[in-house]
Amino acid sequence: MSDTSAAAAEAAQDAIIDEFSFFGDWTERYQYLIDLGRKLAPFPEEWKTEVHKVHGCQSQVWLVASGDASRLEFAATSDSSIVTGLIALLLRVYSGRSAEAIVATEPRFIDSIGLAKHLSPTRSNGLVAMLQTIKQHARSALED
């Protein structure tokens, strides 16, 4: 099961890398990120609480995990359209995977598409914080 889940996470990263390779410049890539964020499922207002807030982000970010070690689902949103796009990418890679696959999957797409070089330091820190939160939920699920 977890091999399939890990393979799916890797396939999602490959798809993201392919999609971003179609854009010539970062203006287009940022627009694509914003568009991806707009396509996320609506995030219920009642989930926007301190408990679900991701700390370490300059923007406000809320992330909710559900499921168990065999399959974790994530929902998230931000008050920043670019950050919501980053969330969309993280959810594509990590949501719906086993906790084991989540912990094992390194986000290689971030460097591959040049995100690391094109995000401001505060956005990079926020991306790291979101990733740590996702992985922490997975580690907690493995301990249950």
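Quick note: structure is the one above.
This write-up is about the structure you can find in this document. (Residues numbered from 1 in each chain as written. Predicted model: local features only at pLDDT ≥ 70, side-chain atom pairs only at ≥ 80, totals over all residues. Heavy atoms only, no water.)

1. A short note on the side chain of threonine 77
Our working rule: Numbering goes from the N terminus for both helices and strands, where a helix is a DSSP run of H or I of at least four residues and a strand is a run of E of at least two. Summary of the burial criterion: residues with accessible area below 20% of their type's maximum are buried, those above 50% are exposed, and those between are partly exposed, where the area comes from a 1.4 Å probe applied to protein chains only. In what follows, residue pairs with any heavy atoms lying within 4.5 Å of each other are defined as contacts.
Tracing the backbone through its elements, the reader meets threonine 77 in strand β2 (residues 71-78). You can call threonine 77 buried: its relative accessible area is 13%. Excluding its chain neighbours within four sequence positions, the residues that come into contact with threonine 77 are Phe43, Lys48, Gln60, Val61, Trp62, Thr84 and Ile87.

2. Description of the pattern of salt bridges
We apply this condition: Note on definitions: salt bridges are taken to be side-chain nitrogens of Lys or Arg within 4 Å of carboxyl oxygens of Asp or Glu.
Using the criterion set out here, one finds 7 salt bridges in the structure. In this structure, arginine 92 and glutamate 19 form a salt bridge, with 2.8 Å as the shortest nitrogen-oxygen distance. Of this pair, arginine 92 sits in helix α3 (residues 81-94) while glutamate 19 sits in helix α1 (residues 2-21), and the two are 73 residues apart along the sequence. The exposure class of arginine 92 is partly exposed, given its relative accessible area of 28%. Linked through salt bridges whose partners overlap, the residues forming this network are Glu10, Asp14 and Arg108.

3. Here we look at the packing of helix α2 (residues 26-38) against α3
What counts, and what does not: The axes are straight lines fitted to the C-alpha atoms, using for helices just the contacting stretch, and the angles between their N-to-C directions are given from 0 to 180°. Should an angle fall under 35 degrees it is called roughly parallel, over 145 degrees roughly antiparallel, and 65 to 115 degrees roughly perpendicular, with every other angle called oblique. Gly counts as polar in this scheme, as do all residues outside two lists: the nonpolar Ala, Val, Leu, Ile, Met, Phe, Trp, Tyr, Cys and Pro, and the charged Asp, Glu, Lys and Arg.
Closest axis-to-axis distance for the α2/α3 pair is 7 Å, and the angle between their directions is 70 degrees. As far as their axial angle goes, α3 and α2 are roughly perpendicular. On α3, the residues touching Tyr30, Tyr32, Leu33, Ile34, Leu36 and Gly37 of α2 are Ser81, Ile82, Thr84, Gly85, Leu86, Ala88, Leu89 and Arg92. Of the residues contributing to the contact of α2 with α3, the split by class is 9 nonpolar, 4 polar and 1 charged.

4. Topic: the pairing of strand β1 (residues 61-68)
What counts here: Strand pairing is assigned whenever DSSP identifies at least 2 bridges connecting the two strands.
As paired strands, β1 and β2 are joined by 8 bridges and run antiparallel to one another. Each residue of the ladder has a partner; that of aspartate 68, found in β2, is arginine 71. The antiparallel hairpin formed by β1 and β2 contains 2 residues in its connecting segment.

5. Here we look at the environment of serine 66
Structurally, the position occupied by serine 66 is in strand β1. Residue classification places serine 66 among the partly exposed positions, given a relative accessible area of 39%. Remark: the alpha-carbon pair of serine 66 and serine 78, spanning 12 residues in sequence, is separated by 18 Å.

By themselves, these observations are geometric and do not establish any function.
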